Amino acid sequence: MNQTLGWLWFEDGTKFEGVWLGDPDWRARGEVVFNTAMTGYQEILTDPSYYGQIVVLTYPLIGNYGTLEQASESLFMWAEAVIVHRLELEPTRGASLESFDRFLRHYHKAALVGTDTRALTRYLREEGTKRAVLVPDGTSFDEVQQHLAQIDLTRAVFQVTTPEAYEIPGSGPRITVIDYGVKNSILHELSRRGAHVTVLPATASAEAVMASKPDGVVLSNGPGDPGTIPEVLPTVRHVLDHYPTFGICLGHQLIGLAEGATTYALKFGHHGANHPLWDEVQKKVLITSQNHGYAVRATPLLDRYRVRFTHLHDDTVEGLEHVSRPILSVQHHPEAGPGPSDSLYLFDEFLGRLTAARQGERHEE
Ligand SMILES: NC(=O)CC[C@H](N)C(=O)O
């Protein structure tokens, strides 16, 4: 079989080689991040928060259990490309529908295989998140620079959000999810607890939220720099003023920004399925799934919020809780997809709180 070689070529001229797999015409460009999860490659690549990013999987063997349509976190592979060390093209799981190669071709995306992902990860740890393009062997650096110049990661949520509102019927509380790039697992965790879910586009106005008559609102995960989408903050402020709110990842960052805090870029982000956190309320350690490149500086909020979750590696703020109102936010992913389910109880806590809030209102009537 003829093998095409490809390069992951960084803005500083550094390049890493591998064998090209997937669509031969795809030119991936974006930020390069590494994910340390040992399983869950399909969920990672279909998570809309990876829009505009090239993902290096540090686990050395990928593809051995194939891909399965219902395991996807959305309808597309949003990651620009994936870089792996060893790829198994003949999956061993009986129910597996597609090999990894077919999965890539289905989405017209590409991978580099056989790359020294340890050296690449060490480079990213030292240099921090950097931009690169995936090009076939023989491409000139001039062409690489033309691709690099086209990278635009601002306002990414508007590329991945649902164009239309939709509902997932349920007999329980009415939850409105603002979709900045929502993962299926979040909708699934709400639905399986009985919620009637209304999903609104990222552009939803305060009136649209009100018209959906929510008992509570979830602000979803999503791609890009939270500081580049100030136009969504008036709706977030309306939500915080009127409804019990649960912010997940980008949703947490938007709560921070709406309340007067700032966000900043981490050196190489947290992307993996084994990140330890401290829950200040439950007084316990959680092992969590994470995927974020930015974080909230919480100091300006601390008169109204407490830092409920802290990362045990680097003290990053990993979640906030309002001191008196039902507002909870997490920088990590309680829905896992992929990862451990240690923090699934946060969905129960959020839904429990809004049931209590509803009962309180009835008492006052
Ligand atoms: N998963 C997410 O919601 C990511 C949030 C944001 N895009 C970040 O990288 O920090």
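All values derive from a computational prediction rather than experimental measurement.

Remarks on the overall build of the protein
Consideration 1: Secondary structure summary: the protein contains 10 helices and 19 strands in total.
Consideration 2: Computed over C-alpha atoms, the radius of gyration of the protein comes to 21 Å, within 12% of the 21 Å expected from 2.2 N^0.38 for 365 residues, which places it in the range of a compact globule.
Consideration 3: Its C-alpha atoms give the protein principal-axis dimensions of about 75 × 45 × 40 Å.
Consideration 4: When the 365 residues of the protein are sorted by exposure, 48% land in the buried category.
Consideration 5: Sequence separation of at least 24 residues holds for 74% of the intrachain contacts in the protein that already meet a minimum separation of 6.

Description of the packing of helix α8 (residues 233-242) against helix α9 (residues 250-258)
Consideration 1: It is the contact of α8 with α9, at a shortest axis distance of 9 Å, that shows an interaxial angle of 90°. The angle between α8 and α9 places the two elements in the roughly perpendicular class. Packed against α8, whose contacting residues are Leu-233, Val-236, Arg-237 and Leu-240, the element α9 presents Leu-254, Ile-255, Leu-257 and Ala-258 at the interface.

Brief notes about the pairing of strand β11 (residues 174-179)
Consideration 1: When you tally the buried positions in β11, you get five out of six residues, the bulk of the element.
Consideration 2: The sheet contact formed by β11 and strand β12 (residues 196-201) spans six bridges and is parallel. Across the sheet, residue Thr-176 finds its bridge partner in β12, namely Thr-198.
Consideration 3: Of the crossover connections in this fold, the one passing from β11 over helix α6 (residues 184-191) to the parallel β12 is right-handed.
Consideration 4: Sheet topology note: the β11/strand β13 (residues 216-219) ladder contains four bridges and is parallel. Paired with Ile-178 across the strands is Leu-219, a residue of β13.

Focus on the domain arrangement of the protein
It is common to give the size of an interface as the accessible area lost on bringing the parts into contact.
Consideration 1: The assigned domain composition of the protein is domain 1 (5-149) and domain 2 (157-364).
Consideration 2: If you average the C-alpha positions of domain 1 and of domain 2, the two centres end up 28 Å apart.
Consideration 3: If you look at the interface, domain 1 gives 22 residues, while domain 2 gives 23 residues.
Consideration 4: Those elements giving two or more residues to the side of domain 1 that touches domain 2 turn out to be β3 (29-35), α1 (41-45) and α3 (117-127).
Consideration 5: Broken down by element, the side of domain 1 that touches domain 2 gets its largest block of residues, three residues, from β3.
Consideration 6: When the residues that make up the side of domain 1 that touches domain 2 are grouped by side-chain class, the tally is nine nonpolar, nine polar and four charged.

As for the site of the ligand
Consideration 1: In the vicinity of the ligand, the residues found are Ser-49, Asn-221, Gly-222, Pro-223, Gly-224, Pro-226, Cys-249, Leu-250, Asn-291, His-292, Gly-293 and Tyr-294.
Consideration 2: Considering each element in turn, the shell around the ligand owes the most residues, four residues, to strand β16 (residues 284-297).
Consideration 3: Of the residues belonging to the shell around the ligand, the class tally is five nonpolar, seven polar and no charged.

Observations concerning unusual backbone geometry
Consideration 1: With an omega of 5°, the peptide bond running from Gly-337 to Pro-338 counts as cis.
Consideration 2: By the secondary structure assignment, Pro-338 is in the loop between β19 (327-330) and α10 (345-364).
Consideration 3: Despite not being glycine, Lys-283 shows a phi value in the positive range, around 55°.
Consideration 4: Among the structural elements, Lys-283 can be located in the loop between β15 (262-279) and β16.
Consideration 5: Using a count of 7 C-beta atoms within 10 Å as the deciding quantity, one classes Lys-283 as exposed.

Description of the pairing of strand β1 (residues 5-10)
Consideration 1: Counting buried positions along β1 gives five out of six residues, so the element sits mostly inside the fold.
Consideration 2: Of the strand pairs in this sheet, β1 and strand β2 (residues 15-22) are connected by five bridges, and their pairing is antiparallel. The partner of Trp-7 across the bridge, within β2, is Glu-17.
Consideration 3: Linking β1 to β2, which pair antiparallel, is a turn of four residues; within it Gly-13 sits at a positive phi near 95°.
Consideration 4: With five bridges joining them, β1 and strand β9 (residues 130-136) adopt antiparallel strand pairing. Opposite Trp-7, over in β9, you have Val-135 as the bridge partner.

Some thoughts on the confidence of the model for the protein
When pLDDT is low, close inspection of the predicted coordinates is not appropriate.
Consideration 1: Per-residue confidence for the protein gives a mean pLDDT of 95; residues scoring 70 or more make up 96%.
Consideration 2: Predicted as a complex, the structure gets a pTM of 0.96 and an ipTM equal to 0.98.

Thresholds applied
Residues numbered from 1 in each chain as written. Predicted model: local features only at pLDDT ≥ 70, side-chain atom pairs only at ≥ 80, totals over all residues. Helix = DSSP H or I, 4+ residues; strand = E, 2+ residues; numbered from the N terminus. Rg over C-alpha atoms; globule rule 2.2 N^0.38 Å. Buried ≥ 20, exposed ≤ 12 C-beta atoms within 10 Å, placed from the backbone. Contact = placed C-beta atoms within 7 Å. Axes fitted to C-alpha atoms, helices over the stretch in contact; angles between N-to-C directions. Parallel < 35°, antiparallel > 145°, perpendicular 65-115°, else oblique. Pairing = 2+ DSSP bridges. Right-handed = clockwise from strand over helix to strand, strands pointing away. Domains from an automatic or database assignment. Nonpolar A, V, L, I, M, F, W, Y, C, P; charged D, E, K, R; others polar. Near = placed C-beta within 6 Å. pLDDT = per-residue confidence, 0-100.

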